[in-house]
Each structure stands twice: as structure tokens, then as C-alpha cells.
Amino acid sequence: MTIQTEGWSLIETSFLPEQIHHSETIFTIGNGYLGSRGVFEEAFPGEVRSTFLHGVFDDVPIVFTELANAPDWMELEIFLAGERFGLDEGTLLSFERQLDMRTATLHRQVRWRSPKGRTTRLTFERFASLEDVHLAGVRVCITPEDYEGAIEIRSGVNGESDNLGIKHWEWLGQAVKGHSARLHCRTRSTRVELAMGFLLDVTAGSRSARISRWDVRNHPTLAASLSVRAGETVTGLKWAALYTSRDGRNPQRLLNGALRGLQAQDWDSSHARHVQAWQKEWDQCDILIEGDPEAQLAVRFNLFQLLVAAPRHDSRVNIGAKTLSGYGYRGHSFWDTEIFMLPFFIYTRPEIARNLLSYRWHNLPGARQKAWKNGYRGAQYPWESAGTGEEVTPTWVPNPNDRTNLIRIWTGDIEIHITSDIAFAFWQYWKATGDDAFLLERGAEVILDAARFWASRVEWNDTAGRFEISDIVGPDEYHDHVSNNGYTNAMARWNLTTALELVHWLREHHPAHWNKLRGSLHLQKKELLNWQHVIDHIYIHYDPHTKLLEQFDGYFQREDTDLVRQADRTESVQALLGIEGVSATQVLKQPDILMLMYLHPDMFDAETVRANYEYYTPRTDHTFGSSLGPSIQAIMACRVNDPAACEHFMRAARADLFDVRGNAGDGIHGASAGGLWQAVVFGFAGLRLLPDRWEITPRLPANWKHLRFHFYQHGQLQTVDIRNP
Ligand code: IFM
């Protein structure tokens, strides 16, 4: 893969079949309604072909629910004088694929010699409209170089799509008429209806192709054929439209209306409107980096991936850990959204941040249910969340090294910090935007009910005279069933403290609202007093002599191996030592105490931060541990002026572009992408927001000559422009 230096295009100049899954992920396009992997229109053996629609989940064994791979809208089967075009056959004379991130358009140019020796030039363009998120288009131009004959394009919507073998759609009906075809189907368990259709227009100059209609069940198809001479170009244009029952009661009617409107659609003006919509996004969201082309491209690529996954019109969906770009984690959402991705949206696209937070508010019933089932009060958010907000973390998964064995996954039971992470996100949004209405309508309820959960979750230790939280997993998932994880306990204390601050603010500024909320949540004075009691007595292990926070009870007694520092390692320490083996050591999968210090810059003094940075950094598996780690590590390195910040930053920047963990084929690492924005803004620029102003402490990498970005503070667009002397 070569990278174009002007910073807006991701360019692949050769086709490497062994890397198709990685390429499919990084060439994903989308518009926050749908995400389609960068597969070839004409298909390729072994590809992972998928289009995911936000919120369209269906039931599945083991992982409970997953985003259902929608019927394929991208397919174009091409026949050149009777020979089927495909990169698995014939000779590839030249190949180039570009993702133009400025216009969110995927391009591909191919020169191909068929098995019978005929040479053809083909160019493809594809986009999912940002201006009308129900619309997607693909255009192909085909030029036979040294032969004449019939060029045929067959295209349909293929309802036979599956999720790596599992079928989610049942056929309800279809129609093929004129230049268009439609399919109506429904997910098997969740019963989400989908109406998908398309128009096909194939021309050569002023001549239009002859269309034949193939009413194949579950795969309505049109075939358009034209005879051309050598050097003449055939242009095929396919507009696809799609609606689900999440968009309205009658998606078929919505589709029919859209298809009628599409009759008059021309590529250039529709694409121009899409580009204009993207221009607006980039005007707010872009980061300019001069002096380091790789960092520039990587940052834009990661922001692009967040933007294509960002729900703009839907407040009942969240972004999965792997966005809409792959099967990893089946579309489930984690703390990855609130802690890693959300800050980018809060500061550049607060409307999108509001949608993402609203998803958590809508799902309060699921969180209350989880707390209740576990014998607690308030709202306990699920570690993995999907359509309904119930816990959807699998309990057992097959062992990848021995399929006859199962591995117990504990995170759904005991990785509980997500509840305060979500409360933290609501508070961050409010602090940055000053959006009182949203805090009153949605945020307050979440923060208060999360606090109530913590007050019921803590355990009183009579001997020590303190509250503790036992048997959990902190952010560092190499250690489970631990007690008094520093991150979890401190975040619980933060949640309770903030809830009381909020109560105070509500009483003072919005007494009527406070009365209403107090009534609906049955909050009594006694309960608030208890919250204060928990705040005053919750245990956080801190040694004033060493200034270290112990990550959990007994952490310092675990084996202190230097395996993590071995330069020639090609696997994670967990893969080398096994789940129990790594747990017996002090090796961390990702920052935990340092994560806490990142989120709360005012909670710890500089010496404490340095001491903990120096202790935990050499014990963290930066290379093969969690992809969530490097961006946070980069920010903390900036805080203590460690030049290793650049190395950590580039590790995050390259995560998907260069497939550094070997699993990019499963989808984009959304948290790493969001963390990268934070590393630039809060790390290298050192942005700090104060109630009425902001300040920066730049620590730019030496080769960065110029850094510029925008952010919103209380609705006002601000610009940070830093030149490196
Ligand atoms: O949320 C993360 C977690 O912190 C580490 N394991 C992967 C999860 C999903 O990205």
C-alpha cells in the first residue's frame, strides 16, 4: 500500500489477494446509516462482503444478537464479449484503488486481460450519500481496448446475504419492473423489515442498453446489454435506495417514493450534493498536520472512519467497537464509544454526540433491569450493548486454539466500570457544550441512577472501616476477579460526587425540575446522605511514600516479568503465557491507573502522575495488548514530557491502516480512531478547557510544522493553530 502525501487519499496500487480482508475494512464507505465494506462490485472468492445498517440487529447463538448483513446492493456482474470479469481469472495488467476521504468516494481503475486475451479498461466509483442517507450509488465505465462485442452488466439486490454462514433475512416479496427492481425482507427474530431497490441505467454515448429482467426469488436482477466497438465506453449507473421499519411504518412505500425520485437523478449533481455535505463535515472536524504526511493521512483516515459510522439521524443507536465495517464484536458497543470516540463528536459534532448519548438514555430500562437482576439499585449498564440495551456479552466462546473447548468470558458479569464511564460522558458533554436542556432532559437521570447503582454495589468492610468493590475486572482485562481496582473505585467515587454536585445545581437553578426528577426516581434525603458517606469512605489504594496507586488489591505482589519488554515478541503476553499465566504477572493489557489519571487531570498532582507513569508504562503490553491503549499512553507521555509519545501515537495511527494487530479484517478499531483525535488535541496540543476559556500546552512532535483544528466550546467554534518553531 502506498500513501499519497497530500493527505486526503488512501491509495492501493497493487492487488494482494492474501490481504483482501484488511483492504475491505479500510476501504469501507458509509454515511452513518449504512456501512459497506470495500469489496469488489464483481465479487472475489473468499471475500467478506457486508453492508450493515445501524440498529438492525438479529438474534444469534452465543453472542445473543448481531448486526445483520443486509442484502447486497453493490453487486455488478460484468460480461465482456461473453467472458465474466473477475480478478480471480485472466491477467491483471494494472490496478489502483483510492479512497478519497474528502469526498467519501471509493474509486478503482483496472486494466484486465481476459483468459481469451481481450483487454478492457474498467473504472468504478462508489459512494453512500451523506446528503440522503437512504441512497447509495455505483458507476462503472467499461472500455474494450482491442475487441468489439456485447458488454453486459447484471445487477440485483441479493437477499441471500448471510453473516459468515448465518442467515438473518426472510423473504417477503419482490418486484422487477422497467429499469428497477425491489426486494422486501425481514430479519428472522427481531422482525425488522427492509425494503431495498435500485435503478439501473446502462449507456454507450446516446445509446441505451437493452434490459432483461430476471425475477429470481430473493435476488431480483436486471441484465443490461450493449454491443460496442473497441475504444467505445459503456457506462453503467446503479442507484440503490433502502428503508427499514425503523425509519417508518411502511418502508416499501418510502422506497417506492425514493425510486420515483431517482428516475431523474444524475450522477454528477447527486455526487456534488454528497461532496458538499462532506465538505461541511470536514470544515468542522478536520485536523491539519503539516510536516508529517503519514500522521496527516492516518489522522484523517481515522476521523473518516468515525464520521462514516456516526449516526446523524438516529438517537437510538450507538457505534459498535468495530464501527459498521466488520463482524468483530458483532456490532456491539462498549465503553469504547463514551470514553474513546465520543470526545471527538462532543467537540466537533455535538449533535452526533447527543444522539450517541441519547442511545444510553433510551436504554435506561435495560440498565435498570441489569442492576435489579444482580440485586442492585439504579442503572447498571451492560458491558456489551446492542439494540435493546440488555447485556449481550457472550458468556462462553469457543477457544480459538482448541475449538472443542470453551472459554468463560467474565466481562459481562464483572467489568462494571462502564456505568460510571457513561455518566462521565454525559457530564463531559455538558461541560463542553453548556447544553442545560439535554442535561435536564436526559443526562441527569443517567448520572443519578448510575450513582445509585454504585451506592448499592459497594461493600462495607467492617474490619477496615471502608467501602470496597470486590470481584471485578478493570480496564486492564489481563486481570479478572480482582478487588478494589483503582480505576473502578475512583470512577465510582467520581460518579457519586458528581451526582451530588448535580443535585446541588438542580436545586439551585432548576428547582421545579429537581422536584420532578426526585419524585420520579424516589430520591430521598437519606439516600443522598448515604452517597456522601460512600464518597468519604470508598477505598482507593494510594501509598503517599511511593505515590503509587495500586491497580487492585495484591497487584504489587504479582510476578514482575520483563517479558513485556522483549523486543522480538510477535505475540501478546497473554498469548505467550495464557490467560492464567498473564494474570499471575503485573503485565497490563492497557492503561488502567493511567487511564484514570488521563480522565481526571485535576485529581492527582504532577508527582503522583509521574510516579505512576513510570511504574505502569514499562509493564504495559503496548504492542500487542489492547488497541485502546496506545492513544491514551501517548497522551500521558505528553503530560510527563516523555518523547515516547510519538511512538505510542504512531502505534495508534497505524492500527488499522497497517493492520498492526493482524485483525483489521474484522473491522475498524473505533476506540483507537477516537483515541487518536484525543491524542492530537489533548496530548500534542495540550488543550485544556476551563469554564470560560481554553488554553493549550503544545508538545508537537519535532517534524510537525503546523497543527490546526477546530472545536466547539459552549456552541462557539474555536480554532487552535500551532506552528512549530
Ligand atoms: O472495550 C474494549 C476493552 O477495553 C478491551 N477489549 C476489547 C473491548 C472492545 O474494543
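Let me sum up the structure you'll find in this document. (Residues numbered from 1 in each chain as written. Predicted model: local features only at pLDDT ≥ 70, side-chain atom pairs only at ≥ 80, totals over all residues. Heavy atoms only, no water.)

## Some thoughts on helix α11 (residues 486-509)
Counted only if it meets this: Secondary structure follows DSSP: runs of H or I at least 4 residues long count as helices, runs of E at least 2 residues long count as strands, and numbering of each begins at the N terminus. Multiplying 1.5 Å by the helix residue count minus one yields the expected span of that helix. Partly exposed describes any residue whose relative accessible area lies between the buried limit of under 20% and the exposed limit of over 50%, with all areas from a 1.4 Å probe on protein chains only and scaled to the type maximum.
Over its 24 residues, α11 runs 34 Å from end to end, which matches the ideal 34 Å to within 8%, given 1.5 Å per residue. Most of α11 sits out of view: 17 of its 24 residues are buried.

## Considerations on the sheet that holds strand β31 (residues 706-713)
To keep things clear, this is the line we draw: Pairing between strands is defined by DSSP: at least two bridges between the two strands are required. Think of each axis as a best-fit line through the C-alpha atoms, taken over the contacting stretch in the case of a helix, with angles from 0 to 180 degrees between the N-to-C directions.
With respect to topology, 3 strands assemble into an open sheet ordered β22-β31-β32, the strand pairing being antiparallel. Edge positions in the sheet fall to β22 (287-290) and β32 (716-723), since each has one partner strand and no second. Each strand axis lies, on average, 15° off the axis of its neighbour in the sheet, ignoring direction.

## Some remarks on unusual backbone geometry
The phi torsion at Ala 81 lies on the positive side, around 45°, for a residue other than glycine. Counting through the fold element by element, Ala 81 comes out in the loop between β8 (77-80) and β9 (83-84). One non-glycine residue, His 481, adopts positive backbone phi at about 55°. Note that His 481 resides in the loop between β26 (466-468) and α11.

## What to know about the site of the ligand
For clarity, the threshold we go by: In this text, near means that some heavy atom of the residue lies within 4 Å of the molecule or strand in question. For this analysis, a polar contact is any N or O atom pair within 3.5 Å, provided that within protein one partner can donate a hydrogen and the other can accept it, and provided that sequence-adjacent residues contribute only side-chain to side-chain pairs. Accessible surface is estimated by sampling points in the Shrake-Rupley manner with a 1.4 Å probe; for residues, cover comes only from the protein chains shown. Nonpolar residues are Ala, Val, Leu, Ile, Met, Phe, Trp, Tyr, Cys and Pro. Charged residues are Asp, Glu, Lys and Arg, and all others, Gly as well, are polar.
Neighbouring residues of the ligand: Ala 321, Tyr 329, Phe 334, Trp 335, Asp 336, Trp 383, Glu 477, Lys 589, Gln 590, Ser 626 and Leu 628. Within the contact set of the ligand, an oxygen atom lies 2.9 Å away from a side-chain nitrogen or oxygen of Trp 335. With respect to the ligand, the side chain of Asp 336 contributes an N or O atom lying 2.5 Å from an oxygen atom. Protein coverage of the free-state accessible area of the ligand, which is 280 Å², stands at 92%. Looking at the shell around the ligand residue by residue, the classes come out as 6 nonpolar, 2 polar and 3 charged.

## Thoughts on the packing of helix α5 (residues 335-348) against helix α9 (residues 418-433)
Note the cut-off: For classification purposes, angles smaller than 35 degrees are called roughly parallel, those larger than 145 roughly antiparallel, those between 65 and 115 roughly perpendicular, and all remaining angles oblique. What makes two residues a contact is simply this: any of their non-hydrogen atoms within 4.5 Å.
Here α5 crosses α9 at 5°, and the two axes come no closer than 9 Å. In terms of orientation, α5 and α9 fall into the roughly parallel class. Across the interface between the two elements, Trp 335, Glu 338, Ile 339, Leu 342, Ile 346 and Tyr 347 from α5 touch Ile 418, Asp 421, Ile 422, Phe 424, Ala 425, Gln 428, Tyr 429, Ala 432 and Thr 433 from α9. The residue inventory of the contact of α5 with α9, partitioned by class, reads 11 nonpolar, 2 polar and 2 charged.

## A few points about the packing of aromatic side chains
What counts here: Pairing of aromatic side chains here covers Phe, Tyr and the six-membered ring of Trp, requires ring centres within 6.5 Å, and sorts the geometry by plane angle: under 30 degrees stacked, over 60 edge-to-face, intermediate tilted.
A complete count under the given rule lists 42 aromatic pairs for this structure. Taking 5.0 Å as the distance between ring centres and 65° as the angle between the ring planes, the aromatic pair formed by Trp 430 and Trp 505 counts as edge-to-face. With Trp 430 in helix α9 and Trp 505 in helix α11, this pair connects stretches of sequence that are 75 residues apart. Taking relative accessible area as the criterion, Trp 430 reaches 13% and is therefore assigned buried. With a centroid separation of 5.6 Å and 65° between ring planes, the pair formed by Tyr 555 and Phe 556 is classed as edge-to-face. By relative accessible area, which is 0% here, Tyr 555 ends up buried.

## Points about the state of the cysteines
For clarity, the threshold we go by: Pairs of cysteine sulfur atoms within 2.5 Å are identified as disulfides in what follows.
A complete count under the given rule lists 0 disulfides for this structure. Free of any disulfide, Cys 638 has its nearest neighbouring cysteine sulfur in Cys 646, separated by 7.4 Å.

## Observations regarding the pairing of β31
With 7 of 8 residues buried, β31 lies mostly within the body of the structure. In this structure, β22 lies alongside β31, joined through 4 bridges in antiparallel fashion. Residue pairing across strands places Ile 289 opposite Leu 707, the latter belonging to β31. Here 8 bridges tie β31 to β32, and the two strands are oriented antiparallel to one another. Bridging from a neighbouring strand, Tyr 712 pairs with Leu 717 of β32.

## Comments concerning the side chain of Ser 333
If you trace the backbone, Ser 333 turns up in the loop between α4 (293-309) and α5. Under the relative-accessibility criterion, Ser 333 is labelled buried at 2%. A distance of 3.1 Å separates the side chain of Ser 333 from the backbone oxygen of Ile 319, its partner in a polar contact. Apart from the residues within four sequence positions on either side, Ser 333 is in contact with Asn 318, Ile 319, Gly 320, Ala 321, Arg 360, Trp 383, Glu 384 and Ser 385.

## A word on the nonpolar core
The test is simple: For our purposes a nonpolar core is just a set of buried Ala, Val, Leu, Ile, Met, Phe, Trp, Tyr and Cys residues, chained together by side-chain atoms within 4.5 Å.
Judged by nonpolar contacts, the single largest core of 204 residues is most densely connected at Ile 287, Trp 335, Phe 345, Leu 448, Trp 531, Phe 649 and Leu 707. Among residues more than four places away in sequence, those in contact with Ile 287 are Gln 296, Val 299, Arg 300, Leu 303, Trp 677, Val 680, Val 681, Leu 707, Arg 708 and Phe 709. Formed by 13 residues, the second largest nonpolar core is a distinct cluster that contains Leu 237, Leu 255, Leu 259 and Leu 262.

## A closer look at the side chain of Gln 590
Looking at the element boundaries, Gln 590 is found in the loop between α14 (573-583) and α15 (593-599). Judged by its relative accessible area of 4%, Gln 590 is buried. Reaching out from Gln 590, the side chain makes a polar contact with the side chain of Ser 626 at a distance of 3.2 Å. Residue contacts for Gln 590: discarding those within four places in its chain leaves Trp 335, Pro 475, Asp 476, Thr 620, Ser 626, Leu 628 and Gly 629.

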